[in-house]
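# Residue-level structural notes
Below, each chain spelled out in residue letters.
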Amino acid sequence: MHELSVARAVVRTVLDAVGDDTVDSVEVSVGALSGVAPSALEFCWDIATAGTSLAGSGLQITQVPTSVYCHPCGQLVEPETGLCCPRCDQPSPDLRSGRELLVLAARVRDRGSP
Amino acid sequence: MTVTPPGGPAAQPRIVELRRGVLEKNDRVAGGLRERFSTAGVAVSNWVSSPGSGKTALLARLLALAGERGVSAAALVGDCATDNDARRLAQVAPVRQIETQGMCHLEASMVADHLAALEATVPLAGLDLLVIENVGNLVCPTSFDLGEGSRVVLLSVTEGEDKPLKYPQLFASSDVVLVTKVDLAEAVGFDAPVARRAVATVAPDRPVLDTSARTGQGVAAVLDLLLAGREAP
């Protein structure tokens, strides 16, 4: 359960960027191979934000699927099993997405505004 | 007439674009470590596996062989609690225990902190090989870069051939896969080709080496492979 560490890192990143402004919501992207479970991250959010200007904010998670470039098929594909091309069933080492773990944006208001 | 609400005009919510890595801070520390390791010319590997897959036993064998060959090697070993592993390995090489106090993975800052202590015994520039043994866990260490040159994932024959399919994220992040306890393969009916196919499915083109801490099988090959990493960019 390392998602609490991850949630705290998201909070730190946002605080560094927005200072004291009130945060309504935070948008993150989580790749299927990032090792982070979106549901566990959501579960930790209230704990990680408590006592900060992010308290009560929402967390929007965009899940990024794993994709590889299949050279035999000559196209970008989303594997269903491991890193295997769903067309030819051959695994491809050419990973194009899935490792993402990003804070994309924060929706904020100036401190004191309703 | 304009009515100003208490506390000033209501601010419009605005979007602050960030597009920053969540683990940027860890990655920055890891990047600094990687640079230090590279400058010192030391091959560093991060060993990850489930608890009980035989990381420490294999590491003991590897460090002993390194000693016999005049290769200067050391280890940082992570566990939630106890310094049992460090005491076990201290007979063969300089080692420091990283006790995570219950945390399920190592982070780059923990490596940086304990590296300083290790360097009191042996300077980094005097090392050929440094092994960081992660906390036994097939999930959480995936996301945390420790500045290693190679990530070594271990799979013991007693765990089942499909472990890589069950934990694809970690296996996909590996550079090398070691099959451990192969001396028990026959006794547990381990199907090596099935296991290799499972590795290839989630981690294509990775070197897969059979090892046994009991018989010493594969230990020299692991040492050669890890040391070859020093020449990598």
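Preceding this section is the structure that the text describes.
Residues numbered from 1 in each chain as written. Chains lettered and ligands numbered in written order. Predicted model: local features only at pLDDT ≥ 70, side-chain atom pairs only at ≥ 80, totals over all residues.

### So, the overall build of chain B
As a reminder of what qualifies: Secondary structure elements follow DSSP: runs of H or I no shorter than four residues count as helices, runs of E no shorter than two count as strands, and numbering proceeds from the N terminus. Working definition of burial: number of other C-beta atoms within 10 Å of the residue's own, with buried at 20 or more, exposed at 12 or fewer, and partly exposed in between, all C-beta atoms being placed from the backbone. The contact criterion used here is simple: two residues whose C-beta atoms, placed from the backbone, lie within 7 Å are in contact.
The helix and strand tally for chain B stands at 9 helices and 8 strands. The C-alpha extent of chain B, read off along each of the three principal axes, is 90 × 45 × 35 Å. Taken across its 233 residues, chain B has 47% of its residues classed as buried. Counting contacts in chain B only where the partners sit at least 6 residues apart, residues at least 24 apart contribute 76% of the total.

### Some details on the interface of chain A and chain B
Frequently, the measure chosen for interface size is the accessible area removed from exposure when the parts meet. Test applied: Each residue is assigned to one class: nonpolar for Ala, Val, Leu, Ile, Met, Phe, Trp, Tyr, Cys and Pro, charged for Asp, Glu, Lys and Arg, and polar for all the others, Gly among them. Two strands pair if DSSP finds at least two bridges between them.
Contacts between chain A and chain B engage 35 residues on the former and 33 residues on the latter. Broken down by secondary-structure element, the contributors of at least two residues to the side of chain A that touches chain B are helix H1 (3-18), strand S1 (22-31) and strand S6 (101-109) of chain A. At 9 residues, the largest contribution of residues to the side of chain A that touches chain B is made by S6(A). Considering only residue class, the side of chain A that touches chain B consists of 21 nonpolar, 9 polar and 5 charged. The sheet contact formed by S6(A) and strand S1 (residues 14-21) of chain B spans 6 bridges and is antiparallel. Note on S1(B): the bridge partner recorded for A:Ala105 is B:Glu17.

### Considerations on the packing of helix H1 (residues 24-40) of chain B against helix H4 (residues 108-119) of chain B
All names here are of chain B. Which entries qualify depends on this criterion: Structural elements are reduced to axes, namely lines fitted to C-alpha atoms, with helices fitted over the stretch in contact, and the angle between N-to-C directions of any two is expressed from 0 to 180 degrees. For classification purposes, angles smaller than 35 degrees are called roughly parallel, those larger than 145 roughly antiparallel, those between 65 and 115 roughly perpendicular, and all remaining angles oblique.
The contact between H1 and H4 brings their axes to 8 Å, and the two run at 40°. Considering their axes alone, H1 and H4 lie oblique with respect to each other. Residues Asn26, Val29, Ala30 and Leu33 of H1 form the contact with H4, whose participating residues are Ala108, Ser109, Val111 and Ala112. In terms of residue class, the contact of H1 with H4 is made up of 6 nonpolar, 2 polar and no charged.

### With respect to the pairing of strand S7 (residues 176-180) of chain B
In the case of a regular strand, side chains alternate between the two sheet surfaces. Residues and elements named next belong to chain B. Counting buried positions over the 5 residues of S7 gives 5, a clear majority of the element. Of the two faces of S7, the one holding Val176, Leu178 and Thr180 and the one holding Val177 and Val179 are both buried throughout. Sheet topology places strand S6 (residues 150-156) next to S7; 5 bridges connect them, and they run parallel. Within the sheet, the bridge partner assigned to serine 156 lies in S7 and is threonine 180.

### Notes on the sheet that holds strand S2 (residues 43-48) of chain B
Residues and elements named next belong to chain B. Read across the sheet, 7 strands follow the order S4-S3-S5-S2-S6-S7-S8 without closing on themselves; strand pairing throughout is parallel. Either end of the sheet is taken by a strand with one partner, and the two such strands are strand S4 (95-99) and strand S8 (208-210). Neighbour-to-neighbour, the strand axes of the sheet open up by a mean angle of 20°, direction not taken into account. Sheet analysis places S7 next to S8, joined by 3 bridges and oriented parallel. Note that in S8 the partner of valine 177 across the bridge is valine 208. On top of the sheet, H4 reaches strand S3 (73-79), S4 and strand S5 (129-133); it is set at about 145° to S4, its chief contact.

### Side note on the sheet that holds strand S5 (residues 95-97) of chain A
All names here are of chain A. Spatially, 3 strands are ordered S4-S3-S5 in an open sheet, and the strand pairing comes out antiparallel. Every other strand in the sheet has two partners, leaving strand S4 (75-77) and S5 as the edge strands with one partner each. Strand-to-strand twist across the sheet, computed as the mean angle between neighbouring axes with direction ignored, equals 35°. Of the pairings in the sheet, the one linking strand S3 (residues 67-70) to S5 comprises 2 bridges and is antiparallel in character. Residue pairing in the sheet places valine 68 in a bridge with leucine 95 of S5.

### Here's the deal with unusual backbone geometry
Backbone geometry places A:Asp89, a non-glycine residue, at a positive phi of 70°. Tracing the backbone through its elements, the reader meets A:Asp89 in the loop between S4 and S5. By the C-beta count within 10 Å, which is 12 here, A:Asp89 ends up exposed. One non-glycine residue with positive phi stands out, namely B:Lys181, at about 60°. Within the element layout of this structure, B:Lys181 appears in the loop between S7 and helix H7 (185-188). In this structure B:Lys181 comes out as buried when scored by C-beta crowding, with 25 C-beta atoms within 10 Å.

### A word on the nonpolar core
Quick reminder of the rule: Nonpolar core, as used here: buried Ala, Val, Leu, Ile, Met, Phe, Trp, Tyr and Cys residues forming one set through C-beta atoms within 7 Å.
By size, the foremost hydrophobic cluster in this structure holds 95 residues, and its most contacted members are A:Val10 and B:Ala75. If one sorts the elements of this core by residue count, H1(A) sits on top with 7 residues.

### Points about helix H8 (residues 192-202) of chain B
Because each turn of an α-helix spans 3.6 residues, side chains separated by three or four positions end up pointing in the same direction. Within H8(B), burial applies to B:Ala195, B:Ala198, B:Val199, B:Ala200, B:Thr201 and B:Val202. Considering only its buried residues, H8(B) is in contact with S6, helix H5 (163-166), helix H6 (168-172), S7 and S8 of chain B.

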